[in-house]
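Survey of secondary and tertiary structure
As a plain string of letters, each chain reads:
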Amino acid sequence: MSSPLTHYAHSGDASIAYQVFGSGSHDLVLINGPASHLELMWEEPNTARCFGRLGSFARVVMFDRRGTGLSDSVTRPPTLEQQMDDLCAVLDAVGVQRTALWGASDLGLSALFAATYPDRVTALILSSVSPRGAAAMNSELKSQLLDAIENHWGEGTLLSVYAPSQVGNRAFEEWWGRMQRSSVSPGMARQLMEMIAQTDLTALLPTIRVPTLVTHQTDDRYIPIDVGREVASLIPGAGFIEYPGQDTYGWVDAPAIEDIEEFLTGRRPPEQADRVLATVMFTDIVGSTETASRLGDGRWRELLAEHNALVRTQLDRWRGTEVKTIGDGFLATFDGPARAVRCAAEIVDDAGDIGLRIRAGLHTGECELVGQDVAGIAVHIGARVMTEAEPGEVLASSTVKDLVVGSGLRFSERGVRSFKGVPDPWRLYALERSSIAGPSRPVRFSQAAGSSSSVSVGSASGLENT
């Protein structure tokens, strides 16, 4: 989906850039904050896909705040009062009388507008927000932000803070750098950071009287999950939903969109599930909490970036498809089990070279493709197999073992395990290191073999329910 036409609304002496897209019956103003660039956002495929999904059930209005993106430049950040005036100007230009607001990493404008103009707001959604700038900006993070702004602005910095799942994704990193350069200047970025750090909207939240939904990612690196829960607790009647993940930048995956559609329209979209045979691979960094504590946040982020990059390199090499990151691990799918085995083995070895211990689990079965995610009993089994792996092992089901016959891969039995929610027990096998030697590097590996019964697929279920 390409960028829609950009228009301008006049607010006092400033011109505010805005876009309108979508064919849904509900109006929704999307407030990205604190800086954005309307047209560049559409160049990132995940972001464009999420916007297209929003447009399937809403007429969406987006705008760049004055001083950012395509709107007029200013010498100092606009006050919340000015931002409300600008929003009113955009709504009037589009002809919107009443609308829902979605503050995506924005609390100030979204909450203040909803509290001040409840007659113009049908509903309020707040995602990854904090009532106090200080709650999200400790001294170490503030130093990191200042260094990025003053010395590395526009180089794709701060990805480990705002979108750690994309660290090592070169295309995303390049786009992130262009977004920084195009959205806001270094001087304005510093002023915005200082303004956010001084902001406290705690007293405002209890005055909101419109239906409100607050969403947050459980492992958000920038704004802790407890802060999101606090926001919901302060707004009368607000709902709260948390999702697995760690990105403050919400358009990589946007797991909340289905819940938001239901919140705004009263109906949940039917899941369009396709079924394919695939090998799922789960990886996990063993002892990550202890390692992070020992190294400190700064060095841990650097090491995690190295880990993410090496995993993605091997996925590209072995034709794997990254589904998503889960905590500090990956979920990926393959169209061939032998490639999955070799990929997992390479990841274990490469991670060992940088001082990390990885375990991996593999299973082949019928998977349900639900949007960009995968689900079903095969995914459930793969996740459980991974939890049985020892550091440096890759475990796989008997299905995998049986399907790679003739590949030269050899396995050692690791016993039988029963998994919660899975009807039959599964036998686990470990890949013998010597069987990987040759053109590829030698590798430590484990695999699981399941019962002889065929793999059945139950209803789709997310990993958070496994």
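The preceding data block contains the structure.
To start, this report covers the structure provided alongside it. Treat the numbers as computed from the prediction; the structure is a model and nothing was measured.

Procedures and definitions
- Residues numbered from 1 in each chain as written.
- Predicted model: local features only at pLDDT ≥ 70, side-chain atom pairs only at ≥ 80, totals over all residues.
- Heavy atoms only, no water.
- Helix = DSSP H or I, 4+ residues; strand = E, 2+ residues; numbered from the N terminus.
- Expected span 1.5 Å × (residues − 1).
- Buried < 20%, exposed > 50% of the residue type's maximum accessible area, 1.4 Å probe, protein only.
- Core = buried A, V, L, I, M, F, W, Y, C linked by side-chain atoms within 4.5 Å.
- Contact = heavy atoms within 4.5 Å.
- 1 Å grid on protein atoms, 1.4 Å probe; cavity = no way out; pocket = protein on both sides within 12 Å on 5 of 7 lines; lining within 4 Å.
- Points joined across faces, edges and corners; volume = space filled by probe spheres on them.
- Nonpolar A, V, L, I, M, F, W, Y, C, P; charged D, E, K, R; others polar.
- Salt bridge = Lys/Arg side-chain N within 4 Å of Asp/Glu carboxyl O.
- Phe/Tyr/Trp six-rings, centres within 6.5 Å; stacked < 30°, edge-to-face > 60°.
- Axes fitted to C-alpha atoms, helices over the stretch in contact; angles between N-to-C directions.
- Parallel < 35°, antiparallel > 145°, perpendicular 65-115°, else oblique.
- Pairing = 2+ DSSP bridges.

**Quick look at helix α13 (residues 297–317)**
- In a regular helix each residue adds 1.5 Å, so 21 residues correspond to 30 Å; α13 covers 30 Å between its end C-alpha atoms and thus fits that length.
- Residues of α13 that are buried: Trp-300, Arg-301, Leu-303, Leu-304, His-307, Asn-308, Leu-310, Val-311, Arg-312, Gln-314 and Leu-315.

**So, the nonpolar core**
- Judged by nonpolar contacts, the single largest core of 38 residues is most densely connected at Leu-30, Leu-54, Trp-102, Tyr-249 and Trp-251.
- Residues in contact with Trp-102, not counting those within four places in the same chain, are Leu-28, Val-29, Leu-30, Ile-31, Leu-54, Ser-110, Ile-125, Ser-127, Trp-251, Ile-257 and Ile-260.
- In this structure, Ala-14, Leu-101, Ala-111 and Ala-232 belong to the second largest nonpolar core, which totals 36 residues.

**Some points on empty space enclosed by the protein**
- Counting across every chain of the model gives two cavities of 30 Å³ or more.
- The computed volume of the largest cavity comes to approximately 40 Å³.
- Lining the largest cavity we find Pro-164, Gln-246, Leu-304, Asn-308, Thr-325, Gly-327, Asp-328, Gly-329 and Phe-330.
- Partitioning the lining of the largest cavity into residue classes produces three nonpolar, five polar and one charged.
- Within this model, the second largest cavity holds a volume of roughly 30 Å³.
- If you go around the second largest cavity, the residues you meet are Ser-160, Pro-164, Val-167, Arg-221, Arg-301, Leu-304, Ala-305 and Asn-308.
- Per-element accounting of the lining of the second largest cavity gives the leading share, four residues, to α13.

**Describing the pattern of salt bridges**
- All told, the structure shown has 28 salt bridges when counted by the stated rule.
- One salt bridge in this structure joins Arg-229 and Glu-242, with 3.0 Å as the shortest N-O distance. Linking Arg-229 in helix α10 (residues 225–234) with Glu-242 in strand β8 (residues 239–243), this pair joins segments that are 13 residues apart in sequence.
- Assessed through its relative accessible area of 35%, Arg-229 is described here as partly exposed.
- One salt bridge connects Arg-427 with Glu-413, and the closest N-O pair in it is separated by 2.4 Å. Note that Arg-427 is positioned in strand β16 (residues 426–431) and Glu-413 in strand β15 (residues 411–417), a separation of 14 residues in sequence.
- Judged by relative accessible area, which is 45%, Glu-413 ranks as partly exposed.
- Connected through shared salt-bridge partners, Asp-13, Arg-66 and Asp-86 make up one network.

**Considerations on the side chain of His-363**
- Looking at the secondary structure, you find His-363 in strand β12 (residues 358–370).
- Among the residues examined, His-363 registers a relative accessible area of 0% and is labelled buried.

**Thoughts on the packing of aromatic side chains**
- One pass over the full model with this rule turns up 14 aromatic pairs.
- Seen in terms of ring centroids, Trp-176 and Tyr-249 are 5.7 Å apart; in terms of plane orientation they differ by 90 degrees. Their pairing is edge-to-face. You can see Trp-176 sitting in helix α8 (residues 170–183) and its partner Tyr-249 sitting in the loop between β8 and α11 (257–265), a full 73 residues away along the chain.
- On the accessibility criterion, Trp-176 (10% relative accessible area) is buried.

**Description of the packing of helix α3 (residues 80–94) against helix α4 (residues 108–116)**
- Orientation of α3 relative to α4, taken along the N-to-C sense of each, is 70 degrees, at an axis distance of 10 Å. Classed by the angle they form, the pair α3 and α4 counts as roughly perpendicular. Note on element contacts: α4 touches α3 through Gly-108, Leu-109, Leu-112, Phe-113 and Thr-116, opposite Leu-80, Gln-83, Met-84, Leu-87, Cys-88 and Leu-91.
- Of the residues belonging to the contact of α3 with α4, the class tally is eight nonpolar, three polar and no charged.

**Comments concerning the sheet that holds strand β2 (residues 14–21)**
- Taken together, the eight strands give an open sheet; going across it, the order is β1-β2-β4-β3-β5-β6-β7-β8, and neighbouring strands pair in mixed fashion. Both edges of this open sheet fall to β1 (7–11) and β8, since each of them pairs with a single strand only. With direction set aside, neighbouring strand axes in the sheet form an average angle of 25 degrees.
- Lying over the sheet, α3 contacts β1, β2, β3 (26–32), β4 (58–63) and β5 (99–104), oriented at roughly 125 degrees with respect to β1.

**Brief notes about the pairing of strand β11 (residues 329–334)**
- With six of six residues buried, β11 lies mostly within the body of the structure.
- Here β11 shows no split at all, with Gly-329, Leu-331 and Thr-333 on one side and Phe-330, Ala-332 and Phe-334 on the other all buried.
- Here strand β10 (residues 321–326) pairs with β11 via five bridges, running antiparallel. Bridge pairing in β11 links Thr-325 to Phe-330.
- Taking the residues that link successive antiparallel strands as the turn, the β10-β11 hairpin has two residues, and the phi of Gly-327 there is positive, at about 65 degrees.

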